[in-house]
Amino acid sequence: MERKSYSARTLDTGALKSFAHPLRLRLYELLEERGPATATQLAGQVGENTGATSYHLRELARHEMIEIVPGMGRGKEKYWRVTPGGYSYGETPPEPEAAEALEFLMDDLIRQRGAELARWREEERDAPEEWVQASGFGRRALRLTPAETAAMRDAIFAVLERYRALSDARIEEPAADPALGRVVVHFDVFPVGARRDPETE
C-alpha cells in the first residue's frame, strides 16, 4: 500500500541522491533555521569558500529544495531560502544508490531531531513564557491494528498540513516579526517489536 504524502512534493531518485550530501544538508538546515542567506554568509558559517557553497546551493535549487528570494540582494547578490511546502522521502526506491541515499537521509533526520530536542531543552529556561507554554513533549504507546495506525497517521498529517499551509502563506513576512517563531514538529509512527506471522507469509 502506497503511503500518502502531505508535503508539497516527494523527492525523486535524483533529488534523494543529490540531497544526501553532508554540506548540502547543513546548508539546508541553516537556511531552515536562520532564514534567507547568501552563499558568502553561509560560507562563513560552514567554514567553506563561497565557490563551494554557491555550487551546492545551485545543486539544491536544481532539485527545488531551495529558491532565490525575490527582491532581496543588490546587483548579482542572491539570497536563498528553503522552498515552501516541505517534502517527504516516500517509499524506499528500488535503485541501490538511491536506497543508500535514503538511509543516509533518515540517519541524518534522527541526528537533527536529537540536536533540536537537546537545543530546546537548553534554551527553554530562557525562552519567552508564551513559547514555553505553547511547546510540549509527549509519547504514547497504543495497541492498534495496521489499518488503525495508518488512519491515525493520516489524521495527524492532515492537521499538520493545515498549519503548513498557514506557515507557507507567511513566507514573505519579515523574519524579525516577534509573533512568529520557527516551530518544529517531530512525529513518528512505527511498531515496536512487530513480528511477521509466519502463517501469513
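Residues numbered from 1 in each chain as written. Predicted model: local features only at pLDDT ≥ 70, side-chain atom pairs only at ≥ 80, totals over all residues. Heavy atoms only, no water.

A.B. asks: I would appreciate a short explanation of the overall build of the chain in the present structure.
C.D. replies: Of regular secondary structure, the chain possesses 7 helices and 2 strands. Its helices and strands taken in sequence order, the chain reads α-α-α-α-β-β-α-α-α from the N to the C terminus. Per-residue burial for the chain yields a buried fraction of 26% across its 201 residues. Here the analysis covers contacts within the chain between residues at least 6 apart in sequence; of these, 64% occur between residues at least 24 apart. By element, 53% of the accessible surface of the chain is carried by carbon and sulfur atoms, the whole surface being about 14,100 Å². (Helix = DSSP H or I, 4+ residues; strand = E, 2+ residues; numbered from the N terminus. Buried < 20%, exposed > 50% of the residue type's maximum accessible area, 1.4 Å probe, protein only. Contact = heavy atoms within 4.5 Å. Areas by Shrake-Rupley, 256 points an atom, 1.4 Å probe, with all protein chains shown as cover.)

A.B. asks: It is not clear to me how the side chain of threonine 38 should be interpreted in this structure. Could you clarify?
C.D. replies: With respect to the secondary-structure elements, threonine 38 resides in the loop between helix 2 (22-34) and helix 3 (39-46). Contact partners of threonine 38, with chain neighbours within four places excluded, come to Glu77, Lys78 and Tyr79.

A.B. asks: What is the right way to look at the packing of helix 2 against helix 5 (residues 96-123) in this model?
C.D. replies: Packed helices, taken two at a time, are described by their axes: the angle between them and the distance between them. Remark: helix 2 packs on helix 5, axes separated minimally by 12 Å, with the N-to-C direction vectors making an angle of 40 degrees. Viewed along their axes, helix 2 and helix 5 adopt a mutual orientation that is oblique. Once helix 2 is placed against helix 5, the crossing between them reads as right-handed. Listed contacts from helix 5 to Pro22, Leu25, Glu29, Glu32 and Glu33 of helix 2 are Phe104, Leu105, Asp108, Arg111, Gln112 and Arg119. When grouped by side-chain class, the residues that make up the contact of helix 2 with helix 5 number 4 nonpolar, 1 polar and 6 charged. (Axes fitted to C-alpha atoms, helices over the stretch in contact; angles between N-to-C directions. Parallel < 35°, antiparallel > 145°, perpendicular 65-115°, else oblique. Left-handed = near helix turned anticlockwise from the far one by under 90°. Nonpolar A, V, L, I, M, F, W, Y, C, P; charged D, E, K, R; others polar.)

A.B. asks: Is there a simple way to explain a negative patch on the surface in this structure?
C.D. replies: Residues Glu97, Glu100, Glu103 and Asp107 make up a contiguous surface patch of negative charge. Structurally, glutamate 100 can be placed in helix 5. (Patch = residues over 30% accessible without salt bridge, like charges linked within 9 Å, V, L, I, M, F, W, Y side chains within 5 Å. Salt bridge = Lys/Arg side-chain N within 4 Å of Asp/Glu carboxyl O. Lys, Arg positive; Asp, Glu negative; His and termini not counted. Charge placed at Lys NZ, Arg CZ, Asp CG, Glu CD.)

A.B. asks: Is there a simple way to think about helix 4 (residues 50-62) in this case?
C.D. replies: Side chains that are three or four residues apart share a direction in an α-helix, a result of its 3.6 residues per turn. Relative to the 18 Å expected for 13 residues at 1.5 Å per residue, helix 4 spans 18 Å between its end C-alpha atoms, a close match to the ideal helical length. Elements in contact with the buried residues of helix 4: helix 1 (13-19), helix 2, helix 3, strand 1 (66-68) and strand 2 (80-82). Capping the start of helix 4, asparagine 49 holds a side-chain oxygen 3.1 Å from the backbone nitrogen of glycine 51, two or three residues further along. After helix 4 finishes, the residue glutamate 64 shows a positive phi value of roughly 60 degrees. (Expected span 1.5 Å × (residues − 1). Polar contact = N/O pair within 3.5 Å; in protein donor to acceptor, adjacent residues only side chain to side chain.)

A.B. asks: Help me understand the environment of glycine 85 in this model?
C.D. replies: When you line up the elements, glycine 85 lands in the loop between strand 2 and helix 5. Residue classification places glycine 85 among the buried residues on the basis of a relative accessible area of 4%. Linking glycine 85 and methionine 65, residues 20 residues apart in sequence, is a C-alpha distance of 9.8 Å.

A.B. asks: In this structure, what is going on with the pattern of salt bridges? I would like to understand it.
C.D. replies: Pairs can form between side chains of opposite charge once their charged atoms are near each other. A full pass over the atoms with the stated rule returns 10 salt bridges. A salt bridge links arginine 153 to aspartate 154, with the shortest nitrogen-to-oxygen separation between them at 2.9 Å. Taken as a pair, arginine 153 and aspartate 154 share a single burial class, namely buried. Each of the salt bridges in this network shares a partner with another, and the network as a whole consists of Arg26, Glu29, Asp108 and Arg111.

A.B. asks: What exactly am I supposed to notice about the packing of aromatic side chains here?
C.D. replies: Aromatic ring pairs are described here by two measures, namely the spacing of the ring centres and the angle between the planes. One pass over the full model with this rule turns up 4 aromatic pairs. The interplanar angle of 75 degrees and the centroid separation of 5.3 Å between the aromatic rings of phenylalanine 19 and tyrosine 28 together place this pair among those described as edge-to-face. Just as phenylalanine 19 is buried, tyrosine 28 falls in that class too. Between tyrosine 28 and tyrosine 87, the aromatic rings sit 5.9 Å apart at their centres with planes inclined by 75 degrees, giving edge-to-face as the arrangement. Taken together, the residues span a long stretch of sequence, with tyrosine 28 in helix 2 and tyrosine 87 in the loop between strand 2 and helix 5 at a distance of 59 residues. Among the aromatic residues, those joined into a ring-pair cluster are Phe19, Tyr28, Tyr87 and Tyr89. (Phe/Tyr/Trp six-rings, centres within 6.5 Å; stacked < 30°, edge-to-face > 60°.)

A.B. asks: I would appreciate a short explanation of a nonpolar patch on the surface in the present structure.
C.D. replies: Taken together, the side chains of Val159, Tyr163 and Leu166 make up a nonpolar region of the molecular surface, amounting to roughly 280 Å² of accessible area. Within the secondary structure, leucine 166 is located in helix 7 (residues 146-168).

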